[in-house]
Amino acid sequence: MSLLSDRALDHLRDVPDGERYRLHEPVGQGGMGTVYRAHDAELDREVALKVLRGEGDTELAARFREEARIVARLEHPGIVPVHDAGRLPDGRSFYAMTLVRGERLDAHLTGLSTLGERLRLFQRIAEPVAFAHDRGVIHRDLKPANIMVGPFGEVLVMDWGMAKVAGALPEPGMVLGTAGFMAPEQEIGDSGSVDHRADVFALGAILRAMIVGPGSVPRPLAAIMDRAMAQSPDQRYSSVTALAADVGRFLDGEPVEAYPEPVWERLRRLALRHRTPLVLVLAYLVMRLLLLLLAGR
Amino acid sequence: MAEDRFPVTRISVVAALAGTDAELREAAWEALARAYWRPVYVYLRFRFGASHEDAEDLVQGFFARAHASGYLADFDPTRARFRTYLRLCLDRFVSKERAAASRQKRGGGLTILPLDLAGADRDFARAAADPAADPELAFQKEWVRALFSESVEALRARSTRTGRGTAFALFVAYDLDVPDGTRPTYDSLGRKHGVSVTQVTNHLAAMRREFRREVLERLRTMTGSEAEFRAEARELLGWDPA
């Protein structure tokens, strides 16, 4: 029998508890790591394990830990909860989350036929983002690929790897985000001026991706998108809540803040909104007119 | 192999020493001597300053006396841990031998254990070189070394039998065979053994789990009560076995 060295003895006694998780296939790629489906042997359940790529990059590792901490602080049904964080036996950082079953927003949209369904889904996307803003956290990388929709229509905003806590030090020169959904101030790498209105911009871009398709976009809705995606943050909605409220007004057939309606359009909207009583009144008037004509003979 | 001669699983060596089954008692004694001779040797050299020859003689004598008289069977698990009791028995044995001052009376030239004394001498030299070490710590460390080494050997045998040589080879390469302290990356191990990084992770996890199981099974046999077993497991591996 060959005897173990002191080093091997110490290692075997202290080997990290990474064996708690048995890794299966990758289920996604985040900005900083790979997400695996994994089995949590301790609690006998399936979880998603996000494992950092490139452990040697200390800046990346610090950002990864920060992501885990930020998400762990955001307890909301629309944000995937973090259960555990640590290091695998090989030293790679990880954190464990609930395994989300569903599909990405872009894939989910093909099953939605009406504009109303899409807009109500958009409102549900806005809720966790507004919650995060209320807690001082800006996502900075909102896009359809980072939004999952569960089998019961529940929405989960994922991948908070680029999130920033309000008041944190700026990261000079860093361009964080995804082209097409990134606010202009993010594109120039001016992280110091990036605030929650960058997420308003991204949500505007998501809204556009959700409703663009066959048929023209109603002008009030187009105005909502334009305002959300204004070049200057000052021209955008002041908050995600304000954006979602304007979408809600559009859904309810009310005037939206982003669009000053001409009189004729307002009348048309009111007519459409009160279609049933208007038809009844008109039918009544026509009947009265016919009766008067008949009585006058 | 230990597991061939003594059915270690779930049968306590400590209990078997006091049992009525002569065959089982003999096997238990062998298992006990195999697990403890090395810590005893290092302790003798450290604690009593015994020379190489004296220590060898005392090891043989101690186990021969324990075997013949059966005093290890008097262990009371409510009063101490078994390894503490064994060490106290050893202290008493050495005191008596020194008082008698008769080398011929010790083992009487009896050789009952096959001892790898060169390896044990290296252990002693290493332990003695550590200014913070003391005889009791050295005894404990050698006991852990024997326990872990035997568990690794059992794991090697079972992995070979069950066709999981790659998993064991990964375990050796990452967890055991790191002379300069620089561990290979999972990626390089995977390339060397033709498996993915995920498979490396899972093989290592499985081997560590089985290693711990081996350690716990042996630990259970070397302890006299459930409380002692759990206390030793906590001390050795840092957690309570289920």
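Structural data are supplied above this passage.
Residues numbered from 1 in each chain as written. Chains lettered and ligands numbered in written order. Predicted model: local features only at pLDDT ≥ 70, side-chain atom pairs only at ≥ 80, totals over all residues. Heavy atoms only, no water.

**Student:** Tell me what's going on with the overall build of chain B, and back it up with residues and numbers.
**Tutor:** Counting its secondary structure elements, chain B contains eleven helices and zero strands. Its helices and strands taken in sequence order, chain B reads α-α-α-α-α-α-α-α-α-α-α from the N to the C terminus. Taking all 242 residues of chain B together, 50% fall into the buried category. A separation of at least 24 residues holds for 68% of the contacts in chain B among residues at least 6 apart in sequence. Accessible surface for chain B amounts to roughly 11,000 Å². Of this, 51% is attributable to carbon and sulfur atoms. (Helix = DSSP H or I, 4+ residues; strand = E, 2+ residues; numbered from the N terminus. Buried < 20%, exposed > 50% of the residue type's maximum accessible area, 1.4 Å probe, protein only. Contact = heavy atoms within 4.5 Å. Areas by Shrake-Rupley, 256 points an atom, 1.4 Å probe, with all protein chains shown as cover.)

**Student:** Give a description of the overall build of chain A that names residues and reports values.
**Tutor:** Assigned secondary structure in chain A consists of ten helices and ten strands. Intrachain contacts of chain A at a sequence separation of at least 6 include 57% that bridge at least 24 residues. Working note: accessible area of chain A is about 15,300 Å², and carbon and sulfur atoms make up 57% of it.

**Student:** Describe the environment of Lys50(A), naming the residues involved and giving the relevant values.
**Tutor:** All names here are of chain A. If you trace the backbone, Lys-50 turns up in strand β3 (residues 45-52). A residue is classified by how much of its surface remains accessible, and Lys-50, at 2% relative accessible area, is buried. In this structure the C-alpha to C-alpha distance between Lys-50 and Ser-93, which are 43 residues apart in sequence, comes to 8.4 Å. A distance of 3.3 Å separates polar atoms of two side chains, one belonging to Lys-50 and the other to Asp-159. (Polar contact = N/O pair within 3.5 Å; in protein donor to acceptor, adjacent residues only side chain to side chain.)

**Student:** Would you mind going over helix α9 (residues 186-193) of chain B in detail, with residue names and values included?
**Tutor:** Note: α-helices contain 3.6 residues per turn, so residues at a spacing of three or four share the same orientation. Residue and element names in this part refer to chain B. For α9, the complete set of buried residues consists of Tyr-186, Leu-189 and Gly-190. Angular distribution of buried residues about the axis of α9 spans 100 degrees; they occupy a single face of the element. Projecting away from the buried face of α9 at angles above 90 degrees are the exposed residues Arg-191 and Lys-192. Residues of α9 that are buried make contact with α8 (165-176) and α10 (197-221). Backbone geometry just downstream of α9 places Gly-194 in the positive-phi region, at approximately 70 degrees. (Arc of directions from axis to C-beta.)

**Student:** Residues and numbers for the sheet that holds strand β9 (residues 155-157) of chain A, please.
**Tutor:** Residues and elements named next belong to chain A. An order of β6-β8-β9 is seen for the three strands of this open sheet, with the pairing classed as antiparallel. A single partner strand is all that each edge strand has here, and the edge strands are β6 (103-104) and β9. Here strand β8 (residues 147-149) runs beside β9; their pairing, made up of three bridges, is antiparallel. What sits directly across from Val-149, in β9, is Val-155. Running over the sheet, helix α4 (residues 115-134) touches β8 and β9 and is turned about 40 degrees from β9. (Pairing = 2+ DSSP bridges. Axes fitted to C-alpha atoms, helices over the stretch in contact; angles between N-to-C directions.)

**Student:** Provide a residue-level description of empty space enclosed by the protein, including the pertinent values.
**Tutor:** All names here are of chain B. With the rule as written, the count across this model stands at two cavities of 30 Å³ or more. One number sums up the size of the largest cavity: a volume of about 90 Å³. In this structure, the largest cavity is lined by ten residues; those nearest its centre are Ala-31, Ala-35, Glu-150, Arg-218 and Met-222. Its residues assigned to classes, the lining of the largest cavity comprises six nonpolar, one polar and three charged. (1 Å grid on protein atoms, 1.4 Å probe; cavity = no way out; pocket = protein on both sides within 12 Å on 5 of 7 lines; lining within 4 Å. Points joined across faces, edges and corners; volume = space filled by probe spheres on them. Nonpolar A, V, L, I, M, F, W, Y, C, P; charged D, E, K, R; others polar.)

**Student:** Can you break down the interface of chain A and chain B residue by residue, with the values?
**Tutor:** Taken together, the 21 residues of chain A in the interface contact 35 residues of chain B. Approximately 2,700 Å² of surface area, both sides summed, lies buried where chain A meets chain B, with 55% of it carried by carbon and sulfur atoms. Our enumeration of links across chain A and chain B arrives at two salt bridges. One salt bridge in this structure joins Asp6(A) and Lys141(B), with 3.5 Å as the shortest N-O distance. Across the chain A-chain B interface, the total number found is six residue pairs in polar contact (both at pLDDT 80 or more). Those elements that place two or more of their residues in the side of chain A that touches chain B are α1 (6-14) and β1 (21-29) of chain A. The dominant element in the side of chain A that touches chain B, judged by the number of residues it contributes, is α1(A), at seven residues. Residues of the side of chain A that touches chain B, tallied by class, amount to ten nonpolar, four polar and seven charged. (Buried area = accessible area lost by both parts, 1.4 Å probe. Salt bridge = Lys/Arg side-chain N within 4 Å of Asp/Glu carboxyl O.)

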